[in-house]
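Spelled out, the chains give:
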Amino acid sequence: MTQKFRRTHHCGELSENQVDQTVTLCGWIHTRRDHGGLIFIDLWDKNGLTQVVLNPQIDQLAHQEAQTLRNNFVIAVTGKVRARPEDMVNPKLATGKIEVYVDELEILNKSQTPPFQGWDDQEVSEALRLKHRYLDLRNARLLRNLTLRDQITRTARKILHEQNFTEVETPILTKSTPEGARDYLVPSRLNPEKFYALPQSPQLFKQILMVAGMDRYFQIVKCFRDEDLRQDRQPEFSQIDMEMSFVDEEELFGLVERMMAAIYKETLGITIETPFPILKYQDAMNRFGCDKPDLRFDLEIVDLADTVTGTEFKVFADVLKNGGQIRALNAKKSGEVLSRKALDDMTELAKTYGAKGMAWIKVNADGLQSPITKFFKPDMLDAMMKKMDAEVGDTIVFIADAPKVVADSLAHLRLDIARRLNLIDGKKICLAWVTEFPLLEYDEEQKRYVAMHHPFTAPMAEELDKMESDPGSLKARAYDLVLNGNEIGGGSIRIHQSEIQQKMFKLLGINKEEAEAKFGFLLEALQYGAPPHGGIAFGLDRIAMILTGSASIREVIAFPKTQKATCLMTEAPSEVDKKQLKELKLKFDLS
RNA sequence: GGGGUCGUAGUUCAGUUGGUUAGAACGCCGGCCUGUCACGCCGGAGGUCGCGAGUUCGAGUCUCGUCGGCCCCGCCA
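Some thoughts on the protein's contact with RNA strand B
Thought 1: Close to RNA strand B lie 50 residues, the nearest being M88, Y101, G180, A451 and H453.
Thought 2: Restricting the count to atoms of RNA strand B within 4 Å of the protein gives a sugar and phosphate share of 51%.
Thought 3: Contacts to RNA strand B include R84, whose side-chain N or O atom sits 2.6 Å from a base nitrogen.
Thought 4: Between Q563 and RNA strand B, the recorded distance is 2.8 Å, taken from a backbone N or O atom to a phosphate oxygen.
Thought 5: Elements represented by at least two residues in the surface near RNA strand B include exactly β1 (22–34), β2 (39–45), β5 (98–109) and α2 (126–131).
Thought 6: Per-element accounting of the surface near RNA strand B gives the leading share, three residues, to α2.

A short note on empty space enclosed by the protein
Thought 1: Taken as a whole, this structure holds one cavity of 30 Å³ or more when the rule is applied.
Thought 2: What lines the largest cavity is L130, R133, F559, P560, C567, L568 and M569.
Thought 3: Of the residues belonging to the lining of the largest cavity, the class tally is six nonpolar, no polar and one charged.

Quick notes on the pairing of strand β17 (residues 431–435)
Thought 1: Counting buried positions along β17 gives five out of five residues, so the element sits mostly inside the fold.
Thought 2: Neither face of β17 is exposed, since L431, W433 and T435 on one face and A432 and V434 on the opposite face are all buried.
Thought 3: Bridging between strand β11 (residues 278–280) and β17 involves three bridges; their strand directions are parallel. Bridge pairing in β17 links I278 to W433.

Focus on unusual backbone geometry
Thought 1: With an omega of -5°, the peptide bond between T274 and P275 qualifies as cis.
Thought 2: By the element assignment, P275 lies in the loop between α6 (249–268) and β11.
Thought 3: Looking along the chain, the bond that leaves A572 and enters P573 is cis, with omega of -5°.
Thought 4: Along the chain, P573 turns up in the loop between α16 (540–548) and α17 (578–583).
Thought 5: Unlike most non-glycine residues, E571 shows phi in positive territory, near 65°.

Structural notes on the sheet that holds strand β13 (residues 325–331)
Thought 1: Taken in spatial order, the five strands line up as β12-β13-β16-β14-β15 in an open sheet, and their pairing is antiparallel. The strands lining the two open edges of the sheet, one partner per strand, are β12 (302–303) and β15 (367–369).
Thought 2: With three bridges connecting them, strand β14 (residues 359–364) and β15 associate as antiparallel partners. From the neighbouring strand, K362 faces β15, where its bridge partner is Q369.

Each value, and the rule that gives it
Residues numbered from 1 in each chain as written. Chains lettered and ligands numbered in written order. Predicted model: local features only at pLDDT ≥ 70, side-chain atom pairs only at ≥ 80, totals over all residues. Heavy atoms only, no water. Near = heavy atom within 4 Å. Polar contact = N/O pair within 3.5 Å; in protein donor to acceptor, adjacent residues only side chain to side chain. Helix = DSSP H or I, 4+ residues; strand = E, 2+ residues; numbered from the N terminus. 1 Å grid on protein atoms, 1.4 Å probe; cavity = no way out; pocket = protein on both sides within 12 Å on 5 of 7 lines; lining within 4 Å. Points joined across faces, edges and corners; volume = space filled by probe spheres on them. Nonpolar A, V, L, I, M, F, W, Y, C, P; charged D, E, K, R; others polar. Buried < 20%, exposed > 50% of the residue type's maximum accessible area, 1.4 Å probe, protein only. Pairing = 2+ DSSP bridges.

In structure tokens, the structure reads:
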């Protein structure tokens, strides 16, 4: 260190206890108030602010030098801690009862005028914040977010180590595994025309660690998926990834619940209830229209098919005839809030999920108000209203369409209604397991089944015999952990027998040669004493986002990417030297 | 691939029906100031209105294209 004095304290830790001590503080000039005679400086580091005072009567030289100081300069000051007189105490500052009278001032570095003061809570465009992330990260909110994130990983590591887990690193340069998201590819110089892929998850490696007898593995690990970004999706993100041998759902759930409880306790001081409720996939879909329901409020979907069977209302009749559904939500006591305009907006929302429209009935004191009541006979209308438990002041919204459209639309309308009616208690924490997912989904485009979770997920034991006869009805030993309507983790009990794994590939339309080429190493490993095993992976960024109450995942990532997957600070991705391309034997097709 | 929205001083924004020299606040620069803590007072500098076409006597304002930020659909085993 070339500076004259070594730091003795952080800004923000001095109190009346250090009065009369000589201290050295280092930090950034947050604000400077030059009174001509006295100069006050609020000196900042990540621990807080301390006011330092330069008085020409104490040190002429330091005071003179302080006149050249500007915001954002990095300085070291040495001086005596003084108690502030009663009337000069600043109650807004943690260190407001003291100040440091400077004897010596050293400028450690100057600074350009920054484009914005990171410390302030002034609204600055996110693009500018990302370009100068080093300024932005000084903001107390972001510092808190990153600190909380650190507390999450620290707690997870602690709990998992206590439970005899070992953290093992798996490769970042690995093999491209189709089935799933797009891979990020890395060309291999030593193997021209061949590529590594960045892992979408350490899935296969952690299973192989189980074959190795590692017994309990975890890793806090970066994963990569080359898909479009969202508020809660980045191309590189972090997982708390774990896998256990000789485990079943019950044991795994218990362990995860202890980990989540510890995380809430350590980060926010909140005690959460365990065990978490378990919701079957099909029930979640029927009641909430999605597999990650927000359980902080009650509003549930009601099926009206039985009630409206035989209706002459063409829209409903046609949907029923074509195997569709008619389902509805009752927005209780929404009379005032769900105006005509609001209902129009909700219709637009439903349309984004493929609905052709949204029917509604308002239950007014003087009768029903609706564009569709005229199409129904009174007794059918009565039956519908009874089934919906409709009372004066309620609004019923209907979606009639194919099952997927009905589910998607109503799931989002449910959230929309909750926001409009203020049904969500922000303090509530609703964690739940969703289980018994279908093993397979039929992909219309590819005309084949694809794995809903991934192809290594075990089917439920009692259904093994159906693998050939009725694959579409198979259920998986897969589970998601849902927190306030967000999927924060997902996993499964895996297939540990190579015969079953091969059957699974067959169901997915992956033939022997293909399976061999893509996953041969796993199939081989499964033949050498693979224990029964299962695991789960948590989205660390999402958990941090929810625990910090952040609006976006970018608020809990130090250096996030934009929606076009670029980094505004480094300007990655960028063009590279021709020489580099040549070494990699890469050329672009410019046709 | 598609839909929406935003882009004006360093920053956050205003800018009327298309009309003279594009404004404010904060920040910045200079001066004054010994108890401020969002210090105060006085003065000053600072603009390719994202970029490119077009319409018009005249465009920050209207049209088209394009680039970028954000939100969403598709996509995300």
